[in-house]
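# Notes for the structure review
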Number of protein chains: 2
Amino acid sequence: MKFSKATNYALHTMLFLAAFPPNKLIGVQQLAERQEVSPTYLSKILTKLVKAGMIESTSGANGGYRLKRNWEEISFLDVIHAIEGSASLFDCEMNHGSECLVQKVMVSAEEKMEDFLKNQKLSEIAKKMTVVL
Amino acid sequence: MKFSKATNYALHTMLFLAAFPPNKLIGVQQLAERQEVSPTYLSKILTKLVKAGMIESTSGANGGYRLKRNWEEISFLDVIHAIEGSASLFDCEMNHGSECLVQKVMVSAEEKMEDFLKNQKLSEIAKKMTVVL
DNA sequence: TCAATTATGGACTTTATGTGCCCATAATAA
DNA sequence: TTATTATGGGCACATAAAGTCCATAATTGA
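Residues numbered from 1 in each chain as written. Chains lettered and ligands numbered in written order. Predicted model: local features only at pLDDT ≥ 70, side-chain atom pairs only at ≥ 80, totals over all residues. Heavy atoms only, no water.

If you check an unreviewed UniProt entry, chain A appears there as Rrf2 family protein from Paenibacillus macerans.

See below:
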(Lines give C-alpha, C1' and ligand atoms only; values in the text may rest on other atoms or scores of the structure.)
Protein backbone atom coordinates (compact mmCIF):
# COMPACT_ATOMS: atom_id res chain seq x y z
CA MET A 1 0.00 0.00 0.00
CA LYS A 2 2.07 2.86 -1.35
CA PHE A 3 1.59 5.64 -3.82
CA SER A 4 3.77 4.93 -6.84
CA LYS A 5 6.83 6.92 -7.79
CA ALA A 6 5.05 7.71 -11.04
CA THR A 7 2.46 9.66 -9.06
CA ASN A 8 5.24 11.55 -7.37
CA TYR A 9 6.82 12.43 -10.70
CA ALA A 10 3.48 13.50 -12.11
CA LEU A 11 2.66 15.79 -9.21
CA HIS A 12 6.07 17.42 -9.27
CA THR A 13 5.92 17.90 -13.01
CA MET A 14 2.50 19.52 -12.87
CA LEU A 15 3.58 21.89 -10.12
CA PHE A 16 6.70 22.76 -12.02
CA LEU A 17 4.69 23.53 -15.13
CA ALA A 18 2.39 25.67 -13.02
CA ALA A 19 5.35 27.83 -12.06
CA PHE A 20 6.71 27.86 -15.60
CA PRO A 21 5.94 30.67 -18.08
CA PRO A 22 2.52 29.80 -19.52
CA ASN A 23 2.26 28.73 -23.15
CA LYS A 24 6.00 28.11 -23.25
CA LEU A 25 6.95 24.56 -24.10
CA ILE A 26 9.41 22.49 -22.09
CA GLY A 27 10.84 19.17 -23.21
CA VAL A 28 10.89 15.91 -21.35
CA GLN A 29 14.68 16.08 -21.16
CA GLN A 30 14.70 19.11 -18.91
CA LEU A 31 11.79 17.86 -16.85
CA ALA A 32 13.55 14.55 -16.34
CA GLU A 33 16.84 16.12 -15.30
CA ARG A 34 15.16 18.12 -12.54
CA GLN A 35 13.65 15.01 -11.05
CA GLU A 36 16.56 12.72 -11.69
CA VAL A 37 14.50 10.24 -13.62
CA SER A 38 15.05 8.80 -17.07
CA PRO A 39 13.38 10.75 -19.88
CA THR A 40 11.92 7.60 -21.41
CA TYR A 41 10.13 6.68 -18.24
CA LEU A 42 8.91 10.19 -17.54
CA SER A 43 7.54 10.46 -21.06
CA LYS A 44 5.22 7.53 -20.40
CA ILE A 45 3.86 9.36 -17.40
CA LEU A 46 3.46 12.59 -19.33
CA THR A 47 1.56 10.78 -22.03
CA LYS A 48 -0.96 9.74 -19.41
CA LEU A 49 -1.38 13.35 -18.37
CA VAL A 50 -1.88 14.33 -21.99
CA LYS A 51 -4.59 11.71 -22.39
CA ALA A 52 -6.24 12.93 -19.22
CA GLY A 53 -6.44 16.37 -20.83
CA MET A 54 -4.25 18.13 -18.28
CA ILE A 55 -1.34 19.02 -20.50
CA GLU A 56 -0.74 19.17 -24.24
CA SER A 57 2.25 18.13 -26.26
CA THR A 58 3.93 19.30 -29.45
CA SER A 59 6.29 17.11 -31.46
CA GLY A 60 9.28 18.29 -33.37
CA ALA A 61 12.14 20.65 -32.73
CA ASN A 62 11.48 23.04 -29.85
CA GLY A 63 8.47 20.96 -28.98
CA GLY A 64 7.51 19.80 -25.53
CA TYR A 65 4.73 20.06 -23.00
CA ARG A 66 2.63 22.77 -21.40
CA LEU A 67 -0.47 23.05 -19.29
CA LYS A 68 -3.88 23.27 -20.88
CA ARG A 69 -6.14 26.25 -20.34
CA ASN A 70 -8.21 24.80 -17.51
CA TRP A 71 -5.20 23.89 -15.39
CA GLU A 72 -5.99 26.21 -12.50
CA GLU A 73 -8.87 23.96 -11.50
CA ILE A 74 -6.87 20.74 -11.57
CA SER A 75 -6.54 19.12 -8.14
CA PHE A 76 -4.06 16.69 -6.65
CA LEU A 77 -6.77 14.07 -6.84
CA ASP A 78 -7.15 14.58 -10.58
CA VAL A 79 -3.44 13.96 -11.13
CA ILE A 80 -3.41 10.92 -8.87
CA HIS A 81 -6.39 9.42 -10.64
CA ALA A 82 -4.79 10.06 -14.02
CA ILE A 83 -1.77 8.00 -13.00
CA GLU A 84 -3.09 5.39 -10.61
CA GLY A 85 -6.62 5.02 -11.90
CA SER A 86 -9.81 5.65 -10.00
CA ALA A 87 -10.56 2.20 -8.65
CA SER A 88 -11.32 1.75 -4.98
CA LEU A 89 -8.33 1.07 -2.75
CA PHE A 90 -10.10 -1.81 -1.10
CA ASP A 91 -11.72 -4.85 -2.69
CA CYS A 92 -13.64 -7.22 -0.53
CA GLU A 93 -14.21 -10.01 -3.06
CA MET A 94 -16.08 -12.09 -0.48
CA ASN A 95 -19.80 -11.83 0.20
CA HIS A 96 -20.65 -12.06 -3.47
CA GLY A 97 -23.77 -10.06 -4.04
CA SER A 98 -24.48 -8.95 -0.51
CA GLU A 99 -22.85 -5.80 0.70
CA CYS A 100 -19.82 -5.97 2.97
CA LEU A 101 -19.67 -3.69 5.97
CA VAL A 102 -15.88 -3.74 6.00
CA GLN A 103 -15.90 -2.55 2.42
CA LYS A 104 -18.26 0.28 3.30
CA VAL A 105 -16.07 1.52 6.12
CA MET A 106 -12.95 1.38 3.99
CA VAL A 107 -14.57 3.21 1.11
CA SER A 108 -15.76 5.91 3.48
CA ALA A 109 -12.22 6.27 4.81
CA GLU A 110 -10.88 6.58 1.31
CA GLU A 111 -13.41 9.29 0.56
CA LYS A 112 -12.12 11.34 3.48
CA MET A 113 -8.70 11.37 1.86
CA GLU A 114 -10.08 12.08 -1.58
CA ASP A 115 -12.25 14.95 -0.38
CA PHE A 116 -9.13 16.58 0.98
CA LEU A 117 -7.09 15.99 -2.18
CA LYS A 118 -9.95 17.28 -4.30
CA ASN A 119 -9.55 20.65 -2.62
CA GLN A 120 -5.82 20.88 -3.14
CA LYS A 121 -5.68 22.77 -6.42
CA LEU A 122 -2.40 22.90 -8.27
CA SER A 123 -2.72 26.67 -8.60
CA GLU A 124 -3.03 27.12 -4.83
CA ILE A 125 -0.13 24.85 -3.96
CA ALA A 126 2.06 26.33 -6.67
CA LYS A 127 1.66 29.76 -5.10
CA LYS A 128 3.11 28.47 -1.86
CA MET A 129 6.11 26.94 -3.52
CA THR A 130 9.50 28.39 -4.19
CA VAL A 131 10.52 26.95 -7.51
CA VAL A 132 13.91 27.74 -8.93
CA LEU A 133 13.52 27.97 -12.65
CA MET B 1 -1.91 1.61 -4.57
CA LYS B 2 -4.18 -0.97 -3.04
CA PHE B 3 -4.85 -2.34 0.39
CA SER B 4 -3.60 -5.91 0.49
CA LYS B 5 -5.81 -8.95 0.71
CA ALA B 6 -4.04 -9.71 3.97
CA THR B 7 -5.57 -6.59 5.46
CA ASN B 8 -8.97 -7.70 4.28
CA TYR B 9 -8.53 -11.11 5.89
CA ALA B 10 -7.33 -9.52 9.12
CA LEU B 11 -10.28 -7.14 9.38
CA HIS B 12 -12.81 -9.86 8.67
CA THR B 13 -11.19 -12.18 11.17
CA MET B 14 -11.19 -9.56 13.92
CA LEU B 15 -14.84 -8.75 13.32
CA PHE B 16 -15.73 -12.42 13.33
CA LEU B 17 -13.93 -12.92 16.63
CA ALA B 18 -15.78 -9.91 18.01
CA ALA B 19 -19.07 -11.66 17.32
CA PHE B 20 -17.80 -14.99 18.63
CA PRO B 21 -18.38 -16.14 22.23
CA PRO B 22 -15.64 -14.43 24.25
CA ASN B 23 -12.85 -16.54 25.75
CA LYS B 24 -13.77 -19.39 23.45
CA LEU B 25 -10.98 -20.50 21.16
CA ILE B 26 -11.37 -20.97 17.42
CA GLY B 27 -8.82 -22.62 15.17
CA VAL B 28 -7.30 -21.27 12.01
CA GLN B 29 -9.00 -24.05 10.04
CA GLN B 30 -12.48 -22.75 10.69
CA LEU B 31 -11.45 -19.14 10.25
CA ALA B 32 -9.87 -19.98 6.91
CA GLU B 33 -12.88 -21.89 5.63
CA ARG B 34 -15.17 -18.91 6.24
CA GLN B 35 -12.98 -16.64 4.17
CA GLU B 36 -12.01 -19.15 1.52
CA VAL B 37 -8.30 -18.71 2.12
CA SER B 38 -5.65 -21.31 2.84
CA PRO B 39 -5.06 -21.95 6.56
CA THR B 40 -1.29 -21.65 6.18
CA TYR B 41 -1.53 -18.19 4.71
CA LEU B 42 -4.10 -16.99 7.19
CA SER B 43 -1.98 -18.23 10.06
CA LYS B 44 0.83 -15.88 9.02
CA ILE B 45 -1.61 -13.00 9.23
CA LEU B 46 -2.95 -14.13 12.59
CA THR B 47 0.58 -14.33 13.95
CA LYS B 48 1.00 -10.65 13.13
CA LEU B 49 -2.16 -9.86 15.06
CA VAL B 50 -0.85 -11.88 18.00
CA LYS B 51 2.41 -9.93 17.97
CA ALA B 52 0.48 -6.68 17.82
CA GLY B 53 -1.24 -7.74 21.03
CA MET B 54 -4.74 -7.87 19.57
CA ILE B 55 -5.42 -11.57 19.87
CA GLU B 56 -3.83 -14.43 21.76
CA SER B 57 -3.14 -17.98 20.71
CA THR B 58 -3.02 -21.39 22.35
CA SER B 59 -1.22 -24.35 20.86
CA GLY B 60 -2.26 -27.96 21.11
CA ALA B 61 -5.49 -29.85 20.73
CA ASN B 62 -8.55 -27.61 21.05
CA GLY B 63 -6.26 -24.63 20.78
CA GLY B 64 -6.82 -21.60 18.61
CA TYR B 65 -7.25 -17.85 18.81
CA ARG B 66 -9.33 -15.38 20.75
CA LEU B 67 -9.44 -11.65 21.34
CA LYS B 68 -7.46 -10.09 24.16
CA ARG B 69 -9.14 -8.14 26.95
CA ASN B 70 -8.69 -4.68 25.52
CA TRP B 71 -10.26 -5.56 22.18
CA GLU B 72 -13.22 -3.20 22.46
CA GLU B 73 -10.91 -0.25 21.94
CA ILE B 74 -9.16 -1.65 18.85
CA SER B 75 -9.83 0.38 15.72
CA PHE B 76 -9.70 -0.41 12.02
CA LEU B 77 -6.54 1.66 11.84
CA ASP B 78 -4.86 -0.49 14.48
CA VAL B 79 -5.54 -3.64 12.48
CA ILE B 80 -4.38 -2.06 9.23
CA HIS B 81 -1.16 -0.86 10.80
CA ALA B 82 -0.53 -4.28 12.29
CA ILE B 83 -0.64 -5.82 8.82
CA GLU B 84 0.64 -3.13 6.48
CA GLY B 85 2.96 -1.26 8.80
CA SER B 86 2.74 2.37 9.80
CA ALA B 87 4.98 3.98 7.21
CA SER B 88 3.72 6.93 5.21
CA LEU B 89 1.94 6.10 1.96
CA PHE B 90 3.97 8.65 0.08
CA ASP B 91 7.75 9.05 -0.14
CA CYS B 92 9.16 12.02 -1.93
CA GLU B 93 12.82 10.97 -2.02
CA MET B 94 13.79 14.14 -3.86
CA ASN B 95 14.68 17.45 -2.20
CA HIS B 96 17.08 15.72 0.15
CA GLY B 97 17.09 17.66 3.37
CA SER B 98 14.67 20.41 2.48
CA GLU B 99 11.01 19.78 3.03
CA CYS B 100 8.79 18.91 0.08
CA LEU B 101 5.42 20.59 -0.21
CA VAL B 102 3.98 17.73 -2.21
CA GLN B 103 4.94 15.39 0.58
CA LYS B 104 3.24 17.62 3.13
CA VAL B 105 -0.01 17.69 1.20
CA MET B 106 0.00 13.95 0.72
CA VAL B 107 0.72 13.24 4.37
CA SER B 108 -2.13 15.55 5.37
CA ALA B 109 -4.44 13.69 3.04
CA GLU B 110 -3.39 10.39 4.52
CA GLU B 111 -4.10 11.73 8.00
CA LYS B 112 -7.67 12.50 7.00
CA MET B 113 -8.20 8.86 6.16
CA GLU B 114 -6.43 7.67 9.29
CA ASP B 115 -8.41 9.96 11.57
CA PHE B 116 -11.56 8.38 10.27
CA LEU B 117 -10.27 4.81 10.60
CA LYS B 118 -9.06 5.55 14.11
CA ASN B 119 -12.66 6.17 15.13
CA GLN B 120 -14.03 2.98 13.63
CA LYS B 121 -13.85 0.66 16.63
CA LEU B 122 -14.25 -3.04 16.06
CA SER B 123 -16.85 -3.18 18.83
CA GLU B 124 -19.01 -0.55 17.16
CA ILE B 125 -18.83 -2.09 13.72
CA ALA B 126 -19.41 -5.58 15.05
CA LYS B 127 -22.71 -4.42 16.58
CA LYS B 128 -23.94 -3.40 13.16
CA MET B 129 -23.08 -6.69 11.56
CA THR B 130 -25.15 -9.78 11.11
CA VAL B 131 -22.76 -12.64 11.51
CA VAL B 132 -23.92 -16.18 11.00
CA LEU B 133 -21.98 -18.33 13.45
C1' DT C 1 4.58 -41.48 28.17
C1' DC C 2 2.68 -41.44 23.50
C1' DA C 3 0.00 -39.75 19.88
C1' DA C 4 -2.87 -36.34 17.94
C1' DT C 5 -3.70 -31.55 17.42
C1' DT C 6 -2.64 -26.82 16.77
C1' DA C 7 0.33 -22.66 16.34
C1' DT C 8 5.02 -20.76 14.80
C1' DG C 9 8.72 -19.92 11.71
C1' DG C 10 11.79 -20.50 7.78
C1' DA C 11 12.33 -21.14 3.09
C1' DC C 12 10.55 -21.44 -1.16
C1' DT C 13 7.53 -20.67 -5.54
C1' DT C 14 4.38 -18.11 -8.08
C1' DT C 15 2.17 -14.03 -9.65
C1' DA C 16 1.50 -9.23 -10.28
C1' DT C 17 3.03 -4.65 -10.69
C1' DG C 18 6.10 -0.93 -10.76
C1' DT C 19 10.21 0.87 -12.78
C1' DG C 20 13.12 1.54 -16.42
C1' DC C 21 15.37 0.87 -21.03
C1' DC C 22 15.66 0.28 -26.19
C1' DC C 23 14.11 1.03 -30.55
C1' DA C 24 10.94 2.05 -34.28
C1' DT C 25 7.61 5.43 -35.79
C1' DA C 26 5.21 9.78 -36.33
C1' DA C 27 5.09 14.69 -36.25
C1' DT C 28 7.11 19.17 -36.56
C1' DA C 29 10.53 22.99 -37.22
C1' DA C 30 14.64 24.88 -39.39
C1' DT D 1 15.65 16.84 -46.00
C1' DT D 2 17.53 16.59 -41.61
C1' DA D 3 17.40 17.28 -36.83
C1' DT D 4 14.47 17.23 -32.97
C1' DT D 5 10.84 15.74 -30.07
C1' DA D 6 6.78 12.95 -28.61
C1' DT D 7 4.40 8.25 -28.90
C1' DG D 8 4.09 3.43 -28.44
C1' DG D 9 5.42 -1.45 -28.33
C1' DG D 10 8.03 -4.66 -26.25
C1' DC D 11 11.42 -6.35 -23.10
C1' DA D 12 14.06 -6.75 -18.66
C1' DC D 13 14.65 -6.13 -13.94
C1' DA D 14 13.25 -5.30 -9.05
C1' DT D 15 10.07 -5.59 -5.57
C1' DA D 16 6.21 -7.01 -3.07
C1' DA D 17 2.05 -9.70 -2.47
C1' DA D 18 0.10 -14.20 -2.27
C1' DG D 19 0.43 -18.71 -1.34
C1' DT D 20 2.75 -23.46 -0.35
C1' DC D 21 5.54 -26.83 2.14
C1' DC D 22 7.83 -28.64 5.89
C1' DA D 23 10.07 -28.80 10.35
C1' DT D 24 9.47 -27.52 15.16
C1' DA D 25 7.30 -26.38 19.48
C1' DA D 26 3.49 -26.51 22.63
C1' DT D 27 -0.56 -28.53 24.49
C1' DT D 28 -4.31 -31.89 25.24
C1' DG D 29 -6.13 -36.39 25.84
C1' DA D 30 -5.65 -41.25 26.14
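Each helix and strand counted, chain A has six helices and two strands in total. When its helices and strands are written in sequence order, chain A yields α-α-α-β-β-α-α-α. Dimensions of chain A along its principal axes, counting C-alpha atoms only, are 55 × 30 × 25 Å. Put simply, chain A has 133 residues, and 45% of those count as buried. (Helix = DSSP H or I, 4+ residues; strand = E, 2+ residues; numbered from the N terminus. Buried < 20%, exposed > 50% of the residue type's maximum accessible area, 1.4 Å probe, protein only.)

The subject of this paragraph is the pattern of salt bridges. A full pass over the atoms with the stated rule returns 13 salt bridges over all chains. Across the pair Lys2 of chain A and Asp91 of chain B runs a salt bridge, and its minimum N-O distance is 3.0 Å. A residue pair is termed interchain when its members come from two chains, as with Lys2 of chain A in the segment before α1 (5-18) and Asp91 of chain B in the loop between α4 (76-84) and α5 (101-118). Residue Lys2 of chain A is classed as partly exposed on the basis of its relative accessible area of 36%. Taking the relative accessible area as the measure of exposure, Asp91 of chain B reaches 39% and is therefore partly exposed. (Salt bridge = Lys/Arg side-chain N within 4 Å of Asp/Glu carboxyl O.)

This part takes up the confidence of the model for chain A. When pLDDT is averaged across chain A, the result is 93; 95% of the residues are at 70 or more. Mean pLDDT in chain A bottoms out at helix α6 (residues 122-128) of chain A, which sits at 93, and peaks at helix α4 (residues 76-84) of chain A, which reaches 98. (pLDDT = per-residue confidence, 0-100.)

Another point: the side chain of Gln35 of chain A. Summarising the element assignment, Gln35 of chain A is placed in helix α2 (residues 28-35). Residues in contact with Gln35 of chain A, not counting those within four places in the same chain, are Asn8, Tyr9, His12 and Thr13 of chain A together with Met94 of chain B. (Contact = heavy atoms within 4.5 Å.)

The subject of this paragraph is the protein's contact with DNA strand D. Taken together, 27 residues sit near DNA strand D, with Lys44, Ser57 and Tyr65 of chain A together with Lys5 and Ser38 of chain B positioned nearest. The sugar-phosphate backbone supplies 69% of the atoms of DNA strand D found within 4 Å of the protein. Contact distances for DNA strand D include 3.2 Å between a phosphate oxygen and a side-chain N or O atom of Thr47 of chain A. Separating a phosphate oxygen of DNA strand D from a backbone N or O atom of Lys5 of chain B is a distance of 2.9 Å. (Near = heavy atom within 4 Å. Polar contact = N/O pair within 3.5 Å; in protein donor to acceptor, adjacent residues only side chain to side chain.)

What follows is about the packing of aromatic side chains. Residue and element names in this part refer to chain B. Inspection of the entire model under this criterion finds six aromatic pairs over all chains. Ring centres of Tyr9 and Tyr41 lie 6.2 Å apart, and the angle between their planes is 85 degrees; this geometry places the pair in the edge-to-face category. You can see Tyr9 sitting in helix α1 (residues 5-18) and its partner Tyr41 sitting in helix α3 (residues 39-51), a full 32 residues away along the chain. (Phe/Tyr/Trp six-rings, centres within 6.5 Å; stacked < 30°, edge-to-face > 60°.)

Our next topic: the relation of the copies chain B and chain A. The operation linking the two copies of the chain is a rotation about an axis combined with a translation along the axis. The transformation that overlays chain B on chain A combines an axial shift of 0.0 Å with a rotation of 180 degrees, and the residual RMSD is 0.0 Å. The transformation relating the two chain copies, once decomposed into turn and shift, fits a two-fold axis. A shared binding surface is used by both copies, with 100% of the interface residues of chain B retained as interface residues in chain A. (Least-squares fit on C-alpha atoms with pLDDT ≥ 70 in both.)

Here we come to α2 of chain A. Residues and elements named next belong to chain A. Restricting attention to buried positions, one finds in α2 the residues Val28, Leu31, Ala32 and Gln35. On an axial view of α2, the arc spanned by its buried residues comes to 95 degrees, and they lie on one face. In this structure, the buried residues of α2 make contact with α1, α3 (39-51) and β2 (64-67). Just downstream of α2, Glu36 is the residue with a positive phi angle, here 55 degrees. (Arc of directions from axis to C-beta.)

On to the protein's contact with DNA strand C. Contacts to DNA strand C come from 27 residues, most closely from Lys5 and Ser38 of chain A together with Lys44, Ser57 and Tyr65 of chain B. The backbone of Lys5 of chain A places a nitrogen or oxygen atom 2.6 Å from a phosphate oxygen of DNA strand C. Contact distances for DNA strand C include 3.3 Å between a phosphate oxygen and a side-chain N or O atom of Tyr41 of chain A. By residue number, the principal contributor to the surface near DNA strand C is α3 of chain B, which donates four residues. Tallied by class, residues from the surface near DNA strand C come to seven nonpolar, 16 polar and four charged. (Nonpolar A, V, L, I, M, F, W, Y, C, P; charged D, E, K, R; others polar.)

Here we come to the interface of chain B and chain A. Many structure descriptions define interface size as the accessible area lost when the parts assemble. Contacts between the two partners involve 40 residues from chain B and, on the opposite side, 41 residues from chain A. Where chain B abuts chain A, roughly 3500 Å² becomes buried across the two surfaces, and 76% of that area is made up of carbon and sulfur atoms. Contact with chain A buries surface across chain B, with Met1, Lys2 and Met94 of chain B losing the most and accounting together for 20% of the total. Taken together, the connections running from chain B to chain A amount to three salt bridges. Here Glu93 of chain A makes a salt bridge to Lys5 of chain B, at a shortest N to O gap of 3.8 Å. Linking chain B with chain A are 10 residue pairs in polar contact (both at pLDDT 80 or more). Listing elements by their share of the side of chain B that touches chain A, those giving two or more residues are α1, α4, α5 and α6 (122-128) of chain B. (Buried area = accessible area lost by both parts, 1.4 Å probe.)

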